[in-house]
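# Inside the fold
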Amino acid sequence: MSLGVHRLWKKYYVNLIENLHISSENILDIASGTGDIFYSLNRSKNLFAIDPISEMHSISKVKNSKKSISYETGFAEKMPYKKNYFQVISCTYGVRNFENRNKAFSEITRCLKKNGYFLFMEFGKPKRDLLLEPFNLYLNKWLPLIGSIVAKDRHSYKYLAESIQNFPSQDNIIMQAESTGLTHQKTIDFLSGANNIYIFKKL
Ligand SMILES: C[S@@+](CC[C@H](N)C(=O)[O-])C[C@H]1O[C@@H](n2cnc3c(N)ncnc32)[C@H](O)[C@@H]1O
């Protein structure tokens, strides 16, 4: 859907994690999928991944065979970790899929250490009016069409478009996360907010 640009965004995102200078602390990747983030991260220990689809982990295990990652099959809304356990919790393109965002953010806050960071990257809607119309056209018309031709799966691409349209504004998502005890540090916008990185801290 990003026409491949998400690879650059993921690179930028991984650099951000590396610049937090966490030496031997635990890092959790939520909605870890096929393990892209840990694959790019320059570290091989104290890594934890959770995703509800075990087949995703199977792919990650092959891709990240040289890394020591502890996998859990489960949901962000109810995680099997001790409280104050992670220095960094990460989530790329997963927050949009959480069934109960409040519960998931509360779980993240519970599992995060004091002064730990929660970063997530997610698609959003561009803030600039000039971009909004072509963006909506791409999302609602072209994306489902491309999905049905290339992936033969119009339904999934329609869901993707709808979940992006229904995702809260930046202010609202920040408010939701802060209501569970996190403190917003920074938001980094790409393409005027079509893709964003949010950084929170547990003070
Ligand atoms: C678009 S993929 C992103 C995967 C990976 N983070 C990446 O950037 O390539 C979304 C992932 O969210 C996972 N997911 C869906 N609902 C979830 C939930 N409630 N808690 C945790 N993960 C969830 C899915 O299984 C899927 O692997």
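Residues numbered from 1 in each chain as written. Predicted model: local features only at pLDDT ≥ 70, side-chain atom pairs only at ≥ 80, totals over all residues. Heavy atoms only, no water.

## Quick notes on the pattern of salt bridges
As a reminder, the rule being used: The rule for a salt bridge is simple: a side-chain nitrogen of Lys or Arg has to be within 4 Å of a carboxyl oxygen of Asp or Glu. Only runs of H or I of at least four residues qualify as helices and only runs of E of at least two qualify as strands under DSSP, and these elements are numbered from the N terminus. Buried, partly exposed and exposed residues are distinguished by accessible area as a fraction of the type maximum, computed with a 1.4 Å probe on protein chains only: under 20%, between the cut-offs, and over 50%, respectively.
A full pass over the atoms with the stated rule returns 7 salt bridges. The partner of Arg 96 in a salt bridge is Glu 122, and the shortest N-O contact between them spans 2.7 Å. Taken as a pair, Arg 96 in the loop between β4 (86–92) and α4 (101–111) and Glu 122 in strand β5 (residues 112–123) lie far apart in primary sequence, 26 residues in all. Residues Arg 96 and Glu 122 agree in their burial class; the two are buried. One salt-bridge network, held together by shared partners, links Lys 10, Asp 36 and Lys 63.

## Examining the layout of surface pockets
Taking a probe equal in size to a water molecule and rolling it over the atoms shows the remaining empty space. What counts is decided by this rule: In the cavity and pocket records, a cavity denotes points on a 1 Å grid over the protein atoms alone where a 1.4 Å probe fits but cannot get out, a pocket denotes an open set with protein on both sides within 12 Å along at least 5 of 7 lines, and lining residues are residues with an atom within 4 Å of a point. Grid points are joined across faces, edges and corners, and a volume is the space filled by probe spheres set on the points. Here the nonpolar group is Ala, Val, Leu, Ile, Met, Phe, Trp, Tyr, Cys and Pro; Asp, Glu, Lys and Arg are the charged ones; every other residue, Gly included, is treated as polar. These domain boundaries are the output of an automatic or database domain assignment.
Here the largest pocket defines a volume of roughly 1,100 Å³. As for the largest pocket, its lining consists of 41 residues, and the residues nearest its centre are Met 56, Thr 92, Tyr 93, Arg 96 and Asn 97. Elements that contribute at least two residues to the lining of the largest pocket include exactly α1 (6–18), β1 (27–30), α2 (36–40), β2 (47–51), α5 (129–150) and α6 (154–165). When its residues are assigned to classes, the lining of the largest pocket shows 22 nonpolar, 12 polar and 7 charged. Shared between two domains, the lining of the largest pocket takes at least three residues from each, and those domains are domain 1 (6–124 + 168–201) and domain 2 (128–166).

## Here we look at the site of the ligand
As a reminder, the rule being used: The near set for a molecule or strand comprises every residue that places at least one heavy atom within 4 Å of it. Polar contacts, as counted here, are pairs of nitrogen or oxygen atoms within 3.5 Å of one another; within protein the pair requires one atom able to donate a hydrogen and one able to accept it, and residues that are adjacent in sequence qualify only if both atoms are side-chain atoms. A 1.4 Å probe and the Shrake-Rupley method give the accessible areas. Residues count as covered only by the protein chains that appear here. For a molecule to be placed in a cavity or pocket, more than half of its atoms must lie within 2 Å of the grid points of that cavity or pocket.
As a matter of local geometry, the ligand sits amid 16 residues, with Lys 10, Ala 31, Asp 51, Glu 77 and Thr 92 nearest to it. Measuring from a nitrogen atom of the ligand, one finds a backbone N or O atom of Ala 31 at 2.7 Å. A distance of 2.9 Å separates a nitrogen atom of the ligand from a polar atom in the side chain of Glu 77. Its free accessible area being 600 Å², the ligand has 82% of it covered by the protein chains. According to the grid-proximity analysis, the pocket containing the ligand is the largest pocket. Its residues placed into classes, the shell around the ligand shows 8 nonpolar, 4 polar and 4 charged.

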